[in-house]
Amino acid sequence: MSTQARKIYTKAFWSIIILLSVYYFYRAIHFRFYREGLGPTFWNKQFLYIFHIATALAPLILGPIQFWNGFRIRYMNLHRTLGKVYIIGSLLGGVSAFVLGITQPYQGSIIPVMLLSILWIFMTIAAWLTIRRKNIKAHRHFTIRSYTLGLTFIALRILDDLVYKQNLLFFISNDEVKDTTYEWMSWVLPLLVVEFFISWIPAIRQKKSVPNR
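Asks: Please provide a residue-by-residue account of the packing of aromatic side chains, values included.
Replies: In this structure the tally under the stated criterion is 15 aromatic pairs. Relative to Phe67, the ring of Trp14 lies with its centre 5.7 Å away and its plane at 25°, an arrangement referred to as stacked. On the criterion of sequence distance, the pair formed by Trp14 in helix α1 (residues 3-36) and Phe67 in the loop between α2 (46-66) and α3 (69-74) is long-range, its members being 53 residues apart. Look at Trp14 and you get buried, because its relative accessible area is 18%. In textbook terms, an aromatic cluster arises when at least three aromatic residues are bridged by ring pairs, as seen for Phe13, Trp14, Phe67 and Tyr147. Over the ring of Phe142 we find Arg145, and its NZ or CZ is 5.0 Å from the ring centre.

And the structure:
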């Protein structure tokens with residue numbers, strides 16, 4: 001692939017990600033604030049929902065900027081500063097997601113949300129640790145995984161539309177089982193796609209190195 005074609009595909013990819021993020025973030029806000037509600041009191045879910053949305057907003061906005069090679073090369077110090085903001089936002093977003101996960105009334109969603117939040121926290125910490133050790137490749141890969149998990153709400157909303165408007169899981173009759181299934185799918189499938197491109201394909205293509213004698 002030529003450099004020009006790669007740039008075009010990259011711009012198209014990030015344009016789609018940004019548009020989907022804006023659209024589904026709006027829908028998430030509308031659902032939480034106007035349809036289902038925040039909770040009866042400030043300390044009964046209201047604070048947690050607002051805190052989670054506020055903290056998760058940082059990695060959502062900063063992700064495309066941090067992956068922008070031109071910005072990173074030209075403004076390295078700012079890239080590092082924004083990276084710290086991204087890490088703090090992701091960690092706080094992950095912790096609040098964990099608490100919301102274990103306190104939600106939908107039993108089938110507890111485990112997938114808990115595991116999602118734990119993995120999000122782990123991938124973010126791993127990204128921080130690897131860059132401190134100057135392992136840039138590993139840092140980039142862990143950041144990709146972290147950002148992918150942070151965008152789970154997009155996949156969740158898309159799957160919700162596909163399941164209930166396009167009858168994607170037609171072979172499952174129980175609505176609770178459907179909800180649990182696409183809760184798992186919303187972060188497992190994107191993470192598998194990421195691993196396919198950054199880990200599995202490069203490993204398959206890599207030739208065995210011949211040791212020097």
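Asks: Mind laying out a nonpolar patch on the surface, listing which residues take part and the relevant values?
Replies: Together, Leu189, Leu192, Val193, Phe196, Phe197 and Trp200 give the surface a local cluster of nonpolar side chains, amounting to about 580 Å² of exposed area. Take Leu189: it is sitting in helix α8 (residues 175-205). Here Leu189 falls in the partly exposed class, since its relative accessible area comes to 42%.

Asks: I'd like a rundown of the nonpolar core, residues and numbers included.
Replies: Across soluble globular proteins, you tend to see nonpolar side chains buried next to one another. Residues Trp14, Ile17, Tyr86, Tyr147, Leu151, Phe153 and Ile154 are the most contacted members of the largest nonpolar core, which totals 14 residues. Broken down by secondary-structure element, the contributors of at least two residues to this core are α1, α2, α4 (76-103) and α7 (152-164). Residues contacting Tyr147, with those up to four places away along its chain left out, are Trp14, Ile17, Pro59, Leu60, Gly63, Pro64, Phe67 and Tyr86. Among the nonpolar cores identified, the runner-up in size contains 10 residues, and Leu116, Met123, Phe142 and Trp187 belong to it.

Asks: Help me get a handle on the layout of surface pockets, residues and values and all.
Replies: Size it by volume and the largest pocket reaches roughly 1,700 Å³. Lining the largest pocket are 39 residues, and of these Thr10, Phe13, Trp14, Ile17 and Ile144 sit closest to its centre. Only α1, α2, α3, α6 (136-150), α7 and α8 provide two or more residues apiece to the lining of the largest pocket. It is α1 that contributes the most residues to the lining of the largest pocket, 14 residues altogether. In the lining of the largest pocket, the residues fall into 26 nonpolar, 9 polar and 4 charged. Roughly 1,400 Å³ of volume is contained in the second largest pocket. What lines the second largest pocket is a set of 45 residues, and nearest its centre among them are Phe31, Arg32, Leu156, Arg157 and Glu183. Those elements that provide at least two residues to the lining of the second largest pocket are α1, α2, α4, α5 (107-132), α6, α7 and α8. In terms of residues, the lining of the second largest pocket owes the most to one element, α1, which gives 9 residues.

What counts as what
- Residues numbered from 1 in each chain as written.
- Predicted model: local features only at pLDDT ≥ 70, side-chain atom pairs only at ≥ 80, totals over all residues.
- Heavy atoms only, no water.
- Phe/Tyr/Trp six-rings, centres within 6.5 Å; stacked < 30°, edge-to-face > 60°.
- Helix = DSSP H or I, 4+ residues; strand = E, 2+ residues; numbered from the N terminus.
- Buried < 20%, exposed > 50% of the residue type's maximum accessible area, 1.4 Å probe, protein only.
- Lys NZ or Arg CZ within 6 Å of the ring centre and 35° of its normal.
- Patch = residues over 30% accessible without salt bridge, like charges linked within 9 Å, V, L, I, M, F, W, Y side chains within 5 Å.
- Areas by Shrake-Rupley, 256 points an atom, 1.4 Å probe, with all protein chains shown as cover.
- Salt bridge = Lys/Arg side-chain N within 4 Å of Asp/Glu carboxyl O.
- Core = buried A, V, L, I, M, F, W, Y, C linked by side-chain atoms within 4.5 Å.
- Contact = heavy atoms within 4.5 Å.
- 1 Å grid on protein atoms, 1.4 Å probe; cavity = no way out; pocket = protein on both sides within 12 Å on 5 of 7 lines; lining within 4 Å.
- Points joined across faces, edges and corners; volume = space filled by probe spheres on them.
- Nonpolar A, V, L, I, M, F, W, Y, C, P; charged D, E, K, R; others polar.

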